[in-house]
Amino acid sequence: MRPADSAQSTAEHILHGVRAAPGTAWGRAAVLQQHVRPDARPIAVGRREHELGRARAALEAAATDLERLAADLRAHDRSAEADIVETGALMAEDPSLAAAITALVMSSGRGASTAVVEACEEFASRLEQLPDPTLALRAEDVRSLGRRAVAHLEGRSGRATEGILIAESLGPADIAELGAGVLGAALARGGVTAHAAIVARSLGLPMVVGLGPEVLEVRDGEELVLDGDRGLVVRRPAGDRVDAVRAAAEARAGARALAVARRAQPATTRDGRGVTVLANAASVAEAREAVEQGAEGVGLLRTELLFLDAAAWPVMAQHSRFLEPILAALEGRPATVRLLDFGGDKTPPFLRGTHDRGVELLLRAPQALADQLAAIAAIGAHRVRILIPMVSSVEQVRAVRTALSRVAAGASSPPVGAMIETREAVANAQAIARECDFFSIGTNDLTQQLLNIDRERAIAAPVTDPRVLASIDTAMRAARAAGIPVDVCGEAASDHDTMPLMVGLGADELSVAAARVGEVRELVRGLDFGECARTVGALLG
Ligand code: PEP
Ligand code: MG
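Description of the structure in this document. (Residues numbered from 1 in each chain as written. Chains lettered and ligands numbered in written order. Predicted model: local features only at pLDDT ≥ 70, side-chain atom pairs only at ≥ 80, totals over all residues. Heavy atoms only, no water.)

Section: the pattern of salt bridges
Next up, step 1: Taken as a whole and judged by the stated rule, the model has 27 salt bridges.
Next up, step 2: One salt bridge in this structure joins E12 and R241, with 2.8 Å as the shortest N-O distance. Taken together, the residues E12 in the loop between α1 (3–10) and β1 (13–16) and R241 in helix α10 (residues 239–261) connect sequence positions 229 residues apart.
Next up, step 3: Residue E118 is joined to R110 by a salt bridge in which the shortest nitrogen-to-oxygen separation is 3.0 Å.
Next up, step 4: A relative accessible area of 29% means that E118 is categorised as partly exposed.
Next up, step 5: Overlapping salt bridges bring together E304, R338, D341, K346, R357 and D445 as one network. (Salt bridge = Lys/Arg side-chain N within 4 Å of Asp/Glu carboxyl O. Helix = DSSP H or I, 4+ residues; strand = E, 2+ residues; numbered from the N terminus. Buried < 20%, exposed > 50% of the residue type's maximum accessible area, 1.4 Å probe, protein only.)

Details of the environment of R47
Next up, step 1: If you trace the backbone, R47 turns up in helix α2 (residues 45–75).
Next up, step 2: Given the relative accessible area of 42%, R47 is considered partly exposed.
Next up, step 3: Counting along the chain gives 59 residues from R47 to M106, while the straight-line C-alpha distance between them is 9.3 Å.

Notes on the coordination of the magnesium ion (ligand 2)
Next up, step 1: Ligation of the magnesium ion (ligand 2) by protein atoms is provided by E421 (OE) and D445 (OD), these donors lying 2.0 to 2.1 Å from the ion. Taken together, the residues span a long stretch of sequence, with E421 in the loop between β13 (416–420) and α16 (423–427) and D445 in helix α18 (residues 443–451) at a distance of 24 residues.
Next up, step 2: Take E421: its relative accessible area is 2%, and that puts it in the buried class. (Donors = N, O, S within 2.8 Å, 3.2 Å for Na, K, Ca; no water.)

Notes on the sheet that holds strand β8 (residues 232–235)
Next up, step 1: Pairing within the open sheet is mixed, and its 8 strands lie in the order β1-β8-β7-β3-β4-β5-β6-β2. Of all strands in the sheet, those bounded by a partner on one side alone are β1 and β2 (18–21). Across the sheet, the mean angle from the axis of one strand to that of its neighbour is 35 degrees, orientation sign disregarded.
Next up, step 2: When strand β5 (residues 181–187) meets strand β6 (residues 207–209), the two strands line up parallel, connected through 2 bridges. Note that in β6 the partner of A185 across the bridge is M207.
Next up, step 3: Across the face of the sheet, α10 comes into contact with β1, β3 (24–31), β7 (223–227) and β8 while running at roughly 105 degrees to β3. (Pairing = 2+ DSSP bridges. Axes fitted to C-alpha atoms, helices over the stretch in contact; angles between N-to-C directions. Contact = heavy atoms within 4.5 Å.)

Focus on the sheet that holds strand β12 (residues 384–388)
Next up, step 1: With respect to topology, 8 strands assemble into a closed barrel ordered β9-β10-β11-β12-β13-β14-β15-β16, the strand pairing being parallel. Shown here is a sheet whose adjacent strand axes are inclined to one another by a mean of 25 degrees, direction ignored.
Next up, step 2: Sheet topology places strand β11 (residues 335–338) next to β12; 4 bridges connect them, and they run parallel. Across the sheet, the residue bridging to V337 is I386, located in β12.

Here we look at the packing of aromatic side chains
Next up, step 1: Under the counting rule described, the total for this entry stands at 4 aromatic pairs.
Next up, step 2: Both rings, one in W313 and one in F342, keep their centres 5.6 Å apart while their planes meet at 55 degrees; by these two values the pair is tilted. Here the residue W313 occupies a position in the loop between β10 (298–302) and α12 (316–329), and F342 occupies one in the loop between β11 and α13 (359–363), the gap between them amounting to 29 residues.
Next up, step 3: Measuring from centroid to centroid gives 6.0 Å for F342 and F350, while their planes differ by 90 degrees, and the two rings are edge-to-face.
Next up, step 4: According to the relative accessible area criterion, F342 is buried, its value standing at 1%.
Next up, step 5: On the basis of relative accessible area, F350 is assigned to the partly exposed category, the value being 24%. (Phe/Tyr/Trp six-rings, centres within 6.5 Å; stacked < 30°, edge-to-face > 60°.)

Some words on helix α15 (residues 394–408)
Next up, step 1: Between its terminal C-alpha atoms α15 stretches 21 Å, which fits the 21 Å expected from 15 residues at 1.5 Å a residue.
Next up, step 2: If you check which residues of α15 are buried, you get V394, Q396, V397, V400, A403, L404 and A408.
Next up, step 3: Looking at the buried positions of α15, the neighbouring elements they touch are α13, α14 (366–379), β12, β13 and α17 (429–434).
Next up, step 4: Phi turns positive, to about 40 degrees, at A409, one or two residues after α15. (Expected span 1.5 Å × (residues − 1).)

A short note on the side chain of E509
Next up, step 1: Along the chain, E509 falls in strand β16 (residues 509–513).
Next up, step 2: Note on E509: relative accessible area 10%, which makes it buried.
Next up, step 3: Among all residues touching E509, those that are not within four sequence positions of it are T276, L278, R385, V486, D487 and V488.

Observations regarding helix α22 (residues 529–540)
Next up, step 1: Helix length check: α22 (12 residues) gives 16 Å between terminal C-alpha atoms against 16 Å at 1.5 Å per residue, within 8%.
Next up, step 2: A side-chain oxygen of the first residue of α22 lies 3.1 Å from the backbone nitrogen of G530; this N-cap is D528.
Next up, step 3: Looking one or two residues past α22, G541 carries a phi angle of roughly 70 degrees, positive in sign. (Polar contact = N/O pair within 3.5 Å; in protein donor to acceptor, adjacent residues only side chain to side chain.)

Describing the nonpolar core
Next up, step 1: Counting 93 residues, the largest nonpolar core has F439, M502 and L510 as its most contacted members.
Next up, step 2: In terms of residue count, helix α19 (residues 466–482) provides more of this core than any other element does, 7 residues in total.
Next up, step 3: Contact partners of L510, with chain neighbours within four places excluded, come to V275, T276, V277, L278, D487, V488, A493, M499, M502, V503, V520 and V524.
Next up, step 4: Within the second largest apolar cluster, 34 residues are counted, among which are A55, A63, L69 and L97. (Core = buried A, V, L, I, M, F, W, Y, C linked by side-chain atoms within 4.5 Å.)

Encoded structure:
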């Protein structure tokens, strides 16, 4: 080998993607979806029967995996996720899939892995082209099934339990069984990962998406660095890069251990202002992490994420099955349950084509609203608060209250609050505050709306822009005048630079990603409220 070749083979190789969840990780690749190279030539006729047997057995084994996972989820009261995972298992029984595999092996001489991949891809593409959007979404389930079958053929488990996950995309089954040893994820595609990315962020797992098919050439067990802050995957990482990532990981682990050790201490500024630190969550895993890190409850329970593939509005039983295990994981702490915030990038198949978002959509589906309110109210007014998304007018708050009084039927209703995350909500803040028990400021949408930036693409959300700060200030003043508490639940509540400004403006509660609860509590203890108020006052001019 020439020296140049050997130098090239040991040099770092950097793959560029899109940042989906921050943080860095160093570890071994856990390839969920290996790049299957097409067979060079057809396999001998005499071996085809044997290959077909292997392909069928692998598909069955993959289906059994999914059924086992679904049963496990059900046993842990996670029925809604179990239903989704089970649909993937049912795909294995589809006769057209079996027929395609048989034809590919017996007639075209494909090997078992190639036949499974090609048949699943063909089936998935056909599903994607169907006019029924719900069936079209099942395409991802078929690919996930094929991926697991190939893992069986190659003697890998195909389970997302440890290391840096490498996959084309992550389906609901993969997310549901993320093991404690998972360090992060690198995905070839970027489109369908919104749910995965939010869960990754909340669990503190770095994630890079949109890396392209090249990432699927990474070998199982290969050493990698994943940089979720810069959107990179580094193959054959240099020693100094690994050292930096390891040092950062150790610092994070140390900070978390410290936060856990101090979780019983109140989050009070040096000059004595108490701040309630709550967690944003959408899953049981996040609720558990929040409690571990000392959260006083959940300040934003995103209820729509589990239903992004839904074929219809969820009914009361589905809401209850989602809520109960999360409330159980909170061990008596309260949760602020946000009503379904469908629309925008969170539009399920049955609402495709709609331009509305949040409460506006819900008010046009009174039965759906009643079902969700009934499920929340049944938990008990002492354990939950109801949060209304994308409020723009006081009439919307009144309409939700009317619907709530109907379903609560005499029992005491949970407190009701409005998300302040639209221009109109800020303009109508005083009237809205008089009808609410609390406010929750959604700095993500608010910043995007006020500054006209694309929330999905923006690298930074400039909450420090005086227009944004002034709107938050307006909302806080309206809340104070009405005597109600204010929560801040957007990313600005946990960002090192903006969190002190939110405290300075008078936030009573901060609701932050579960993985950051301990860190934010620690940061609050280092603040001086008077100084925060002066800093933000100067920025407001
Ligand atoms: C927000 O907009 O700031 C917010 C917390 O809501 P979501 O991110 O769920 O839209
Ligand atoms: Mg929002």
